[in-house]
Amino acid sequence: PLVEAMEPNRTTMRFVVLLVVGTLIVSGAAEYVRPPPGRAILTEHDKPASHPQQVHLSVVGANHMRVSWITDAKHGHSVVEYGRASGNYTTSATGEHTSYRYYLYSSGKIHHVTIGPLDPDTVYYYRCGTVGDEFTLKTPPAALPIELALAGDLGQTEWTASTLAHVSKNDYDMLLVPGDLAYADTQQPLWDTFGRFVQEHASRRPWMVTEGNHEVEAGMALPGSPGPFVAYTARWRMPHEESGSTSALYYSFDAAGGAVHVVMLGSYAAFNSTSEQYGWLARDLARVDRRATPWLVVLLHAPWYNTNAAHAGEGEAMRKAMERLLYEARVDVVFSGHVHAYERFVNKGL
Ligand SMILES: *[C@@H]1O[C@H](CO)[C@@H](O)[C@H](O)[C@H]1NC(C)=O
Ligand SMILES: *[C@@H]1O[C@H](CO)[C@@H](O)[C@H](O)[C@H]1NC(C)=O
């Protein structure tokens, strides 16, 4: 509805916008009051250690998907078996695994397997590591219409559960997350509880994410301390190489057969005019052919426009550095998270 109101002639992409933690509260002319944090929901692994957990999907190129999951056991296989009928896995793909340490915490084995080529708008059944439950996914369509759901600042509370329940009422094709996933904030087991919490949703549809401030988790400035984004980049791998980006903190991808180009910017990566992100963004936008790609969508965490007192001005340096690039490319819509309040702005352009 948001986009349809702005662009009445291009109604073939629908956004379902949901903000988590602060569910939308309309309070007349009064100041927005942020609701208190919801009760935390910490999801345990109730299967054998060798069984996959924290299964989630992301798109890789036009007709592939990355399946990511974690096993506690050190010997889980990075294999996905899949097919178009339940239990009849006609194809399998092998990928790779990684792990990381964060002070005393050692992650499980983090598997990433790319499957495909897959048919568009098609249901597949799959199993990870040759053991455990069967999962079901639906691939996005290869043309418009497409339905993109959006939810930022997820966390793992009763608010999150409510938001994801709302999202699931729509048969959306892909979820876009403008940052702040687990709110682990250096407590690494919270990444695992989050992965289990969202599996029910993230194993069915691709979740495309970019980072927020709660993903930074930089260790102390001491030798041997973990750097920033260690957990985020190991666990929530996105197709940055495929979009010519040298950083896991920003990337882009096409949806609906190239009718939609989504740019995921990094609020917490360097962005000034001499930065790698700036150069990459300029090249990425220059490659978009607006005759083939009527929809150009940008996500980032810290909003460039915000009338709330909370987080006021935090996006201003990035706005000053990059806003002109977005105007010149005639970006249709920018989504942000961070503030936990719903606002929208219409820009008349330069
Ligand atoms: C499994 O799928 C293949 C390919 O669609 C089909 O030829 C085969 O009959 C199926 N097997 C079973 C047991 O359903
Ligand atoms: C961009 O940031 C880098 C690193 O902070 C700095 O060295 C450089 O001078 C900045 N460039 C501009 C144009 O502000």
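What counts as what
- Every chain is numbered on its own, with residues counted from 1 as its sequence reads.
- Lettering for chains starts from A, numbering for ligands starts from 1, and both go in the order in which the items are written.
- The model is predicted, so local features are restricted to residues of pLDDT at least 70 and side-chain atom pairs to those at 80 or more, both for listing and for counting; the totals for chains, interfaces and linings are taken over all residues.
- Computation of side-chain values covers all heavy atoms of the structure but excludes hydrogens and water.
- Strands are treated as partners if at least two bridges between them are detected by DSSP.
- Here a helix means four or more residues in a row that DSSP labels H or I, a strand means two or more in a row labelled E, and each is numbered from the N terminus.
- Only the contacting stretch of a helix is used when fitting its axis, a line to C-alpha atoms as for every element, and angles between N-to-C directions run 0 to 180 degrees.
- Each pair of aromatic rings taken from Phe, Tyr and Trp, with Trp reduced to its six-membered ring, is defined by centres within 6.5 Å and is described as stacked if the planes are under 30 degrees apart, edge-to-face if over 60, and tilted in the remaining cases.
- Relative accessibility under 20% of the residue-type maximum defines a buried residue, over 50% an exposed one, and the middle range a partly exposed one, all with a 1.4 Å probe and only protein chains included.
- Nearness is defined per residue: one heavy atom within 4 Å of the molecule or strand is enough.
- Polar contact is defined as a pair of N or O atoms within 3.5 Å, subject to the rule that within protein one atom must be able to donate a hydrogen and the other to accept it, and that residues adjacent in sequence are counted only when both atoms are side-chain atoms.
- The method behind every accessible area is Shrake-Rupley, applied with a 1.4 Å probe, and residues are considered shielded solely by the protein chains displayed.
- When describing relative orientation, an angle under 35 degrees is termed roughly parallel and one over 145 degrees roughly antiparallel, while 65 to 115 degrees is termed roughly perpendicular and anything else oblique.
- What makes a crossing left-handed is the near helix being turned counterclockwise from the far one by less than a right angle; a clockwise turn instead makes it right-handed.
- Contact definition: two residues touch when any of their heavy atoms are within 4.5 Å.
- In this classification, Asp, Glu, Lys and Arg are treated as charged, Ala, Val, Leu, Ile, Met, Phe, Trp, Tyr, Cys and Pro as nonpolar, and every other residue, Gly included, as polar.
- Seen with the strands pointing away from the viewer, any crossover whose path from the first strand over the helix to the second strand runs clockwise is right-handed.

**Q** Quick question: what am I supposed to make of the sheet that holds strand β11 (residues 135-138) here?
**A** Each strand in a sheet pairs with its neighbour through backbone hydrogen bonds, running either in the same direction (parallel) or in the opposite one (antiparallel). Strand order in the open sheet made by the 4 strands is β5-β4-β10-β11, with antiparallel pairing throughout. With partners counted over all chains shown, the strands left at the sheet margins are β5 (91-94) and β11, one partner each. Taken over all neighbouring pairs, the strand axes of this sheet differ in orientation by 30° on average, direction set aside. Pairing of strand β4 (residues 79-83) with β5, which is carried by 4 bridges, proceeds in the antiparallel orientation. Looking at β5, one finds that E81 is bridged to S92.

**Q** How should I be thinking about the packing of aromatic side chains in this particular structure?
**A** The geometry of an aromatic ring pair comes down to the distance between the two centres and the angle between the two planes. Here the structure, examined in full by the defined rule, presents 10 aromatic pairs. Relative to W236, the ring of F194 lies with its centre 6.1 Å away and its plane at 55°, an arrangement referred to as tilted. Of the two residues, F194 sits in helix α3 (residues 189-202) while W236 sits in the loop between α4 (230-235) and β15 (251-255), which places them 42 residues apart along the sequence. Across the pair, exposure class does not vary: F194 and W236 are buried alike. The structure contains a cluster of three or more aromatic residues connected by ring pairs, namely F194, W207 and W236.

**Q** Explanation requested: the site of ligand 2 in the structure shown.
**A** As a matter of local geometry, ligand 2 sits amid N272, S273 and T274. At a separation of 2.3 Å, an oxygen atom of ligand 2 approaches a polar side-chain atom of N272. Between a nitrogen atom of ligand 2 and a side-chain N or O atom of T274, the distance comes to 3.1 Å. Protein contact buries 25% of the 360 Å² of open area that ligand 2 shows by itself.

**Q** When you look at unusual backbone geometry in this model, what are you seeing that I'm missing?
**A** Glycine aside, negative phi is the norm for most residues, and most peptide bonds take the trans geometry. Cis rather than trans, the peptide bond between G116 and P117 has omega equal to 5°. Relative to the assigned elements, P117 resides in the loop between β9 (109-115) and β10 (123-128). The step from L144 to P145 runs through a cis peptide bond, and the omega angle for that step is 5°. Positionally, P145 belongs in the loop between β11 and β12 (146-152). Positive phi, close to 85°, is recorded for T186, a residue that is not glycine. As for its placement among the helices and strands, T186 is situated in the loop between β13 (174-177) and α3. Note on T186: relative accessible area 38%, which makes it partly exposed. Despite not being glycine, F229 has its phi angle at roughly 65°, a positive value. By secondary structure assignment, the location of F229 is in the loop between β14 (207-209) and α4. Take F229: its relative accessible area is 6%, and that puts it in the buried class.

**Q** I would appreciate a short explanation of the packing of helix α5 (residues 276-286) against helix α6 (residues 316-328) in the present structure.
**A** Relative to each other, α5 and α6 sit at 15°, their axes nearing to 10 Å. As the angle between them shows, α5 and α6 are arranged roughly parallel. Crossing geometry of α5 relative to α6 is assigned as right-handed. Seen from α5, the contacting residues are Q277, Y278, L281, A282 and L285; seen from α6, they are M318, A321, M322, L325 and L326. Partitioned by chemical class, the residues of the contact of α5 with α6 number 9 nonpolar, 1 polar and no charged.

**Q** Explanation requested: the packing of helix α2 (residues 158-168) against α3 in the structure shown.
**A** Working note: a packed helix pair is described by the angle between its axes plus the distance between those axes. Two numbers describe how α2 lies on α3: the axes approach to 11 Å, and their chain directions differ by 10°. Between α2 and α3, the interaxial angle falls into the category roughly parallel. Facing α2, whose interface residues are T160, A161, L164 and S168, α3 presents F197, V198 and H201. In terms of residue class, the contact of α2 with α3 is made up of 4 nonpolar, 3 polar and no charged.

**Q** Is there a simple way to think about the pairing of strand β16 (residues 260-264) in this case?
**A** Along any regular strand, the residues point their side chains to alternate faces of the sheet. Across the 5 residues of β16, 5 count as buried, placing the element largely inside the fold. Neither face of β16 is exposed, since V260, V262 and M264 on one face and H261 and V263 on the opposite face are all buried. Connecting β15 to the next strand, β16, in antiparallel fashion are 4 residues, including A256 with a positive phi near 55°. Here 5 bridges tie β16 to strand β17 (residues 295-299), and the two strands are oriented parallel to one another. Residue pairing across strands places H261 opposite L296, the latter belonging to β17. In terms of handedness, the path from β16 via α5 over to β17 forms a crossover that is right-handed.

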